[in-house]
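Chain by chain, the residues:
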Amino acid sequence: MKITAAVLHACGGHQRPYGAGAPLSVQPLDLDPPRAGELLVRIDAAGLCHSDLSVINGDRPRPMPMALGHEAAATVVALGSPDDRLFAVGDRVVLVFLPACGECVPCQSGEAYLCPNGAAANGEGRLLNGGVRLHDAGEPVRHHLGVSAFASHAVVDRRSAVKIDSDVQPEIAALFGCAVLTGVGAVLNTAGVRTGESLLVYGLGGVGLSAVLGAVAAGAQPVTAVDPSPEKRALALELGAARAVDPSEAAELPKADVVIETVGRAAVLAQAYAAARRGGRVVTVGLPNPAEMLSIPAVSLVADAKTLMGSYMGSSIPARDIPRYIALWKAGRLPVDRLLSSVNPLSAINGLMDELADGRAIRQIVVPGD
């Protein structure tokens, strides 16, 4: 079938402003039918994330050309397996950016977010079953993290989809696929924050503010946030943070039990590590350029008994955690809707990347349409 998608033809080397240079080409593509174990979905809403921007600017090299977008809500249009007992045509789903095979050691050990088969497929820009379903004049176009959500339609592995209730607005539902899953998961799953523990968040984008939401829901006290944007700091306070400061003031903050770093810069991670108390836990979810190296006093890992943890996808099991987080949102304990910055047509995608790069937006949504 013919679809419309935002395609990146070269990774890195693009000049700002993106709105003028237009690194993403909104163009027609051919989409193959779903194979067994796959779904054809209509994209109802897709969120912009720094992981998309990092492919454009070259921080995360990927094979090209690639149809970008990985955080989305969608509706099932067709089944690759007619006897599928989990999904049906018309189901509403949240798409997630790592399909887990369910058969490897991490999957069998409850750590499906570390699935090497899903990670390999994502790195190669293919679906978990192998190959690509997107083509431009007969030439293959790669899938972004198994989703390629900046498009009118997508074919995804069924393990990239989580069924949700039909009463969740697509613009809100999309946020649960990456920002909320990663930020809230880093607090609840990776750090295992306990009621009354102090928590400090570096970076207040969609993931960082989701971490604030998760910390407040977990009963962390106090919750403190660090970000250069006065507007984002103000929002963090409205969402329950006790204090929000500019990075220039961060050195004066009390040491915290738990520190969450979401910026994706090694220098900020070093600051986050220093900000944890003796015996504290530091969780990093940001994705720096692979060339960046972290330097910390090696002796501190023993002498200060600190724990430094990486958190991919918030150490989440999407089929378990997305419905749980949606239930918290419905109960008013996780006001995810406050993260929504704007809703836009797909044609605005390049200019929206400028707003994202400038730190002027939290979570922008594009609605591709038919």
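Note that the coordinates shown come from a computational prediction; the quantities given were computed from them, not determined experimentally. (Residues numbered from 1 in each chain as written. Predicted model: local features only at pLDDT ≥ 70, side-chain atom pairs only at ≥ 80, totals over all residues. Heavy atoms only, no water.)

(A) Just the overall build of the protein chain, in detail. Across its full length, the protein chain holds 12 helices and 18 strands. At 20 Å, the protein chain has a C-alpha radius of gyration in line with the 21 Å of a compact globule built from 370 residues. If one aligns the C-alpha atoms of the protein chain with their principal axes, the spans along those axes are about 60 × 45 × 35 Å. Within the protein chain, the proportion of its 370 residues that are buried is 57%. For the protein chain, long-range pairs separated by at least 24 residues make up 71% of all intrachain contacts whose partners lie at least 6 apart in sequence. Accessible area of the protein chain: about 14200 Å², with a carbon and sulfur share of 54%. The distance from the centre of the 31 positive side-chain charges to the centre of the 36 negative ones in the protein chain is 5 Å. (Helix = DSSP H or I, 4+ residues; strand = E, 2+ residues; numbered from the N terminus. Rg over C-alpha atoms; globule rule 2.2 N^0.38 Å. Buried < 20%, exposed > 50% of the residue type's maximum accessible area, 1.4 Å probe, protein only. Contact = heavy atoms within 4.5 Å. Areas by Shrake-Rupley, 256 points an atom, 1.4 Å probe, with all protein chains shown as cover. Lys, Arg positive; Asp, Glu negative; His and termini not counted. Charge placed at Lys NZ, Arg CZ, Asp CG, Glu CD.)

(B) Layout of the nonpolar core. Grouped together as the largest cluster of nonpolar side chains are 60 residues, with contacts concentrated most on F176, L199, I260, I322, L334 and V336. Of all the elements, helix α7 (residues 206-218) adds the most residues to this core, at eight residues. Aside from chain neighbours lying at most four places away, what touches L199 is V187, V193, A215, A220, P222, V223, T224, A256, V258 and I260. (Core = buried A, V, L, I, M, F, W, Y, C linked by side-chain atoms within 4.5 Å.)

(C) Summary view of the pattern of salt bridges. Throughout the structure, instances matching the rule amount to 23 salt bridges. Among the salt bridges present, the one from R265 reaches E292, with a minimum N-O distance of 3.8 Å. Placement of the pair is R265 in the loop between β14 (256-261) and α9 (266-275) and E292 in the loop between β15 (276-284) and α10 (300-303), with a sequence separation of 27 residues. On the basis of relative accessibility, which here comes to 37%, the residue R265 falls in the partly exposed class. Among the residues examined, E292 registers a relative accessible area of 29% and is labelled partly exposed. For the salt bridge of R360 with D358, the shortest nitrogen-to-oxygen distance reads 3.0 Å. Residue D358 is classed as partly exposed on the basis of its relative accessible area of 42%. Taken together, the shared-partner salt bridges in this structure form one network comprising R16, D354, D358 and R360. (Salt bridge = Lys/Arg side-chain N within 4 Å of Asp/Glu carboxyl O.)

(D) Local environment of unusual backbone geometry. Along the chain, M64 connects to P65 via a cis peptide bond; the corresponding omega equals -10 degrees. Here P65 shows up in the loop between α2 (50-56) and β4 (66-67). The amide bond that connects Q221 to the next residue, P222, takes the cis arrangement and shows omega of -10 degrees. Along the chain, P222 falls in the loop between α7 and β12 (223-226). Residue M313 is not a glycine yet carries a positive backbone phi of 60 degrees. As for its placement among the helices and strands, M313 is situated in the loop between β16 (307-310) and α11 (318-330).

(E) How the structure looks around the sheet that holds β12. Spatial strand order, β13-β12-β11-β14-β15-β16: six strands in an open sheet with parallel pairing. With partners counted over all chains shown, the strands left at the sheet margins are β13 (243-245) and β16, one partner each. The sheet shows a mean angle of 15 degrees between the axes of neighbouring strands, taken without regard to direction. Packing against the sheet, α9 makes contact with β11 (199-202), β14, β15 and β16, and its axis sits at approximately 145 degrees to β15. (Pairing = 2+ DSSP bridges. Axes fitted to C-alpha atoms, helices over the stretch in contact; angles between N-to-C directions.)

(F) A look at helix α12 (residues 349-357). Looking at α12, one finds that the buried residues are I349, N350, L352, M353, D354 and L356. Contacts made by the buried residues of α12 are with β1 (2-8), α1 (18-21), β2 (24-31), α2, β17 (340-345) and β18 (363-367). Phi for G359, located one or two positions after α12, is positive at around 75 degrees.

(G) Looking closely at the environment of M293. Along the chain, M293 falls in the loop between β15 and α10. Put simply, M293 and W329 are 36 residues apart on the chain and 37 Å apart in space, counted from C-alpha to C-alpha.

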